[in-house]
Amino acid sequence: MRVALINPANSNDIQSFRWGVGHLGLAYIAAVLEKSGHTVSVIDGKAEKLSPKSIASRVVESKSLIAGITAMTHEIHLAHEIAQEIKTKVPHIKTVVGGPHTSALPERTLEEFEAFDVAVSGEGEITMLEIVECFSSGDDADLGKVRGISYRQNNEIYRNPLREFMSSEGLEELPFPAWHLFPEQGLPMFAGRGCPYRCKFCMRVLGNRVRIRSPENVVAEIRYLHDRFGKKHSWFQDETFGLKRQWTRKFLNKLAEFRSEKDFDWTWKANSRVNLADQEIYSQMSEQGCQGLDFGIESGNQAILKTICKDISLDKARHAIALARRAGMVTEAFFIIGHPNETFGTALDTIRFAARLRADRIAVGVMVPYPGTEIWEMARQNQGGYSLVSQDWRYYDKYFGQAIRLDRLSPNRLKVLQSICYLWFYLRNLRIGDLFRFSMQHSRAVVRMAGNLLGLRK
């Protein structure tokens, strides 16, 4: 059966620039479908900056009978607009939507957005394959047997039992991502899925249990990326790379063998946590091509860090950034403005700490009560000083959203503090050139930030 997989465009240039091109989840789903004999086309709206109408036209050209669309919460309206456009042109097509939003609110997604036929929760590879095979057999009654979905049938919405997350062995059995179907290969990858930590703002869409592929399997994928696409760089999208030190050391040794064999510099970056900082491992990572580490620090106030169950300290944050920089890696620190019971004073602590930390880059988001998180439940119940301003998912954007208000911080004030954090980070450290480059790379976002600071935006 012909299947189109769609990554919607995103006008937020900060987020688009950060993640680059290539959707890892869609690439895996495409590979699984191709391996089972289905014809797959990928339409990467982000990479090609395609409108919903342009995407729908591409689907028509592909002669697909199923359209699968991925969407984060703030993209779900856009995904629905795409589904509507597709159904206008091809009324009989089946539309499947997946991603973090549907994992949290599968039934509600179908209730709110009538152009979606099926909503997927959790990992999508095997689930999407079973959906496609149900439709290709012509008996959609079999959808009732597919774990991990909610679906629309005879004007009723049904929800099936959840699908268990794949084991480490199951992850190794997946074919490597089908990057040959993408217009551009950004080539992200993962060594493992799942996160054992319990940060209140995070949904942990891939589960709490960590499942890690073998070092040999990960290096085999690196070899594949090099031999098939000629690529010499990638980035690990694991929630926390290097969680198990024994695995990390073995991987680095295997990577060293590969790089020596191929006689070229394979470079990469990864996400980590400050409580895992280790100078010996950082030095070995750097020697084996790791150019950068990203850390979720979130707040510059220790009491706030305890409130959100971050399980780190400010001293550990300073230590980790210093060690990574000493090892020669570029560091990026993530922060959030708008934690439970956040005040103007605690937000200023974050602004000051972000500037003093001396990471190479920062990313500052406004708190978003993503469905499926503890923050979402707190906001719904008016706890932590929160109240929900809107349940219009288009406002659930961590860079320019306005979904919540705090007792002492309005949505507008949160965005002003966000803008100040970026500005002070560059000015305090006398990085005027870097500020100029940031402004050029994210021009639309910078205009909006300037408007926030000048009080020009409501």
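Residues numbered from 1 in each chain as written. Predicted model: local features only at pLDDT ≥ 70, side-chain atom pairs only at ≥ 80, totals over all residues. Heavy atoms only, no water.

**Concerning the overall build of the protein chain**
No. 1: Counting its regular elements, the protein chain contains 19 helices and 17 strands.
No. 2: The C-alpha atoms of the protein chain give a radius of gyration of 22 Å, which matches the 23 Å a tight globule of 458 residues would have.
No. 3: For the protein chain, the spread of C-alpha atoms along the three principal axes comes to 60 × 55 × 40 Å.
No. 4: Per-residue burial over the protein chain gives 56% buried out of 458 residues.
No. 5: Put simply, 72% of the contacts in the protein chain that link residues at least 6 apart link residues at least 24 apart. (Helix = DSSP H or I, 4+ residues; strand = E, 2+ residues; numbered from the N terminus. Rg over C-alpha atoms; globule rule 2.2 N^0.38 Å. Buried < 20%, exposed > 50% of the residue type's maximum accessible area, 1.4 Å probe, protein only. Contact = heavy atoms within 4.5 Å.)

**Some details on the nonpolar core**
No. 1: Among the nonpolar cores identified, the biggest contains 110 residues, and Met128, Ile131, Phe251, Trp268, Tyr282 and Ile297 are the most heavily contacted of them.
No. 2: Residue contributions to this core peak at nine residues, all from helix α2 (residues 24–35).
No. 3: Discounting chain neighbours no more than four positions away, the residues touching Phe251 are Pro215, Val218, Val219, Ile222, Phe236, Phe241 and Trp268.
No. 4: If you look at the next biggest cluster of nonpolar residues, it comprises 29 residues, including Val59, Phe113, Val368 and Tyr396. (Core = buried A, V, L, I, M, F, W, Y, C linked by side-chain atoms within 4.5 Å.)

**Observations regarding the pairing of strand β7 (residues 156–159)**
No. 1: When strand β6 (residues 149–153) meets β7, the two strands line up antiparallel, connected through four bridges. What sits directly across from Gln153, in β7, is Glu156. (Pairing = 2+ DSSP bridges.)

**What to know about helix α8 (residues 125–136)**
No. 1: In this model, α8 (12 residues) spans 17 Å end to end at C-alpha, consistent with the 16 Å of a helix rising 1.5 Å per residue.
No. 2: A positive backbone phi angle near 80° is found at Gly138, which sits one or two residues after α8. (Expected span 1.5 Å × (residues − 1).)

**Examining the confidence of the model for the protein chain**
No. 1: For the protein chain, per-residue confidence averages 92 on the pLDDT scale, and 94% of positions sit at 70 or higher.
No. 2: This stretch, residues 13–19, has a pLDDT under 50; its non-local contacts, to residues over four places away or in other chains, come to 27 contacts. (pLDDT = per-residue confidence, 0-100.)

**So, the side chain of Thr373**
No. 1: Mapping Thr373 onto the fold places it in the loop between β15 (361–366) and α16 (374–380).
No. 2: Residue Thr373 is classed as buried on the basis of its relative accessible area, which comes to 3%.
No. 3: A distance of 3.1 Å separates the side chain of Thr373 from the backbone nitrogen of Trp376, its partner in a polar contact.
No. 4: Each residue touching Thr373, except ones within four places of it in the same chain, is listed here: Lys200, Phe201, Cys202 and Met203. (Polar contact = N/O pair within 3.5 Å; in protein donor to acceptor, adjacent residues only side chain to side chain.)

**As for the environment of Arg163**
No. 1: Position of Arg163 relative to the elements: it lies in the loop between β7 and α9 (168–173).
No. 2: If we skip the residues at most four places from it in the chain, Arg163 touches Ile126, Thr127, Glu130, Val146, Arg147 and Gly148.
No. 3: At a separation of 2.8 Å, a polar atom in the side chain of Arg163 contacts the side chain of Glu130.
No. 4: Engagement of the side chain of Arg163 in a polar contact is seen with the backbone oxygen of Arg147, the distance being 3.3 Å.

**So, the packing of helix α11 (residues 245–262) against helix α12 (residues 279–287)**
Any two packed helices are characterised by how steeply their axes cross, that is the angle between the axes, and by the distance between the axes.
No. 1: Here α11 crosses α12 at 25°, and the two axes come no closer than 10 Å. The pairing of α11 with α12 is recorded here as roughly parallel in orientation. Considering how the two elements wind past one another, α11 and α12 form a crossing that is left-handed. Residues Arg245, Thr248, Arg249, Leu252, Asn253 and Arg259 of α11 touch α12, and the partners they reach there are Glu280, Ile281, Gln284, Met285 and Glu287.
No. 2: Looking at the contact of α11 with α12 residue by residue, the classes come out as three nonpolar, three polar and five charged. (Axes fitted to C-alpha atoms, helices over the stretch in contact; angles between N-to-C directions. Parallel < 35°, antiparallel > 145°, perpendicular 65-115°, else oblique. Left-handed = near helix turned anticlockwise from the far one by under 90°. Nonpolar A, V, L, I, M, F, W, Y, C, P; charged D, E, K, R; others polar.)

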